[in-house]
Amino acid sequence: MAKQVKLVGVLGDQQNLDFVRKGTVQVADAAYDNEYMGYAIADQIIRLLNKQPLFTPHGENLPFTVLDKTNLPPQGADWVANFDYKSKFMTLWKGK
């Protein structure tokens, strides 16, 4: 059945990206930028501590993509968005 059935997963973890890389049943995987998620969570906590309103929409516009053999990150690496959100968060937190 593996030649007839193709699977798509969600989360972009290393095991599933290797399945896609090797062509082992799974042909694609949706991936979220987990580093961005960490920054967004820290941002919401800072807002709570400062008694500021939380950012909306909740979910903070978390970047995601669909990965297949044509756009996989290097083996052992997670997918990350291709824009500089780290400096934007740092600027926001420093109030500049």
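Look up: the structure comes first, before these words.
To keep things clear, this report deals only with the structure shown in the data block. (Residues numbered from 1 in each chain as written. Predicted model: local features only at pLDDT ≥ 70, side-chain atom pairs only at ≥ 80, totals over all residues. Heavy atoms only, no water.)

Moving on: the overall build of the protein. Secondary structure assignment for the protein yields 3 helices and 3 strands. Counting from the amino terminus, helix and strand elements in the protein follow one another as β-α-β-α-β-α. Counting only C-alpha atoms and orienting by the principal axes, one finds that the protein spans roughly 55 × 20 × 15 Å. Out of the 96 residues in the protein, the part that is buried amounts to 28%. Considering only intrachain contacts with a sequence separation of at least 6, the fraction spanning at least 24 residues in the protein is 54%. Summing over all exposed atoms, the protein offers an accessible surface of approximately 6,800 Å²; the carbon and sulfur share of this is 60%. A distance of 2 Å separates the average location of the 11 positive side-chain charges in the protein from that of its 10 negative side-chain charges. (Helix = DSSP H or I, 4+ residues; strand = E, 2+ residues; numbered from the N terminus. Buried < 20%, exposed > 50% of the residue type's maximum accessible area, 1.4 Å probe, protein only. Contact = heavy atoms within 4.5 Å. Areas by Shrake-Rupley, 256 points an atom, 1.4 Å probe, with all protein chains shown as cover. Lys, Arg positive; Asp, Glu negative; His and termini not counted. Charge placed at Lys NZ, Arg CZ, Asp CG, Glu CD.)

Grouped together as the largest cluster of nonpolar side chains are 11 residues: Leu17, Val20, Ala31, Tyr36, Ala40, Leu67, Leu72, Trp79, Ala81, Tyr85 and Phe89. When residues no more than four places from it in sequence are discounted, the contact partners of Leu17 are Gly12, Asp29, Leu67, Leu72, Pro73 and Ala77. (Core = buried A, V, L, I, M, F, W, Y, C linked by side-chain atoms within 4.5 Å.)

Turning our attention to the sheet that holds strand 1 (residues 7-11). Sheet strands associate in pairs through backbone hydrogen bonding, adopting either a parallel or an antiparallel arrangement. Spatial strand order, 1-2-3: 3 strands in an open sheet with mixed pairing. For this open sheet the edge positions go to strand 1 and strand 3 (64-67), each flanked by a neighbour on one side alone. Taken pair by pair, the neighbouring strands of this sheet meet at an average axis angle of 15 degrees, ignoring direction. Across 5 bridges, the pairing between strand 1 and strand 2 (residues 26-32) is parallel. Looking across to strand 2, one finds that Val8 is bridged to Ala28. Contacting strand 2 and strand 3, helix 1 (residues 14-22) runs over the sheet at an angle of about 145 degrees to strand 2. (Pairing = 2+ DSSP bridges. Axes fitted to C-alpha atoms, helices over the stretch in contact; angles between N-to-C directions.)

Along the polypeptide, Arg47 turns up in helix 2 (residues 34-49). By relative accessible area, which is 17% here, Arg47 ends up buried. Excluding residues that lie within four positions of it along the chain, Arg47 makes contacts with Gln52, Pro53, Leu54, Phe55 and Leu92.

This part covers the pattern of salt bridges. For the coordinates displayed, the defined rule picks out 3 salt bridges. One salt bridge in this structure joins Arg21 and Asp18, with 2.7 Å as the shortest N-O distance. You can see Arg21 and its partner Asp18 sitting in helix 1, 3 residues apart, about one turn around the helix. Ionic pairing is found between Asp43 and Arg47, a salt bridge with its closest N-O pair at 2.7 Å. On the criterion of helical spacing, the pair formed by Asp43 and Arg47 is a turn pair, its members being 4 residues apart in helix 2. Note on accessibility: Asp43 and Arg47 belong to one class, buried. (Salt bridge = Lys/Arg side-chain N within 4 Å of Asp/Glu carboxyl O.)

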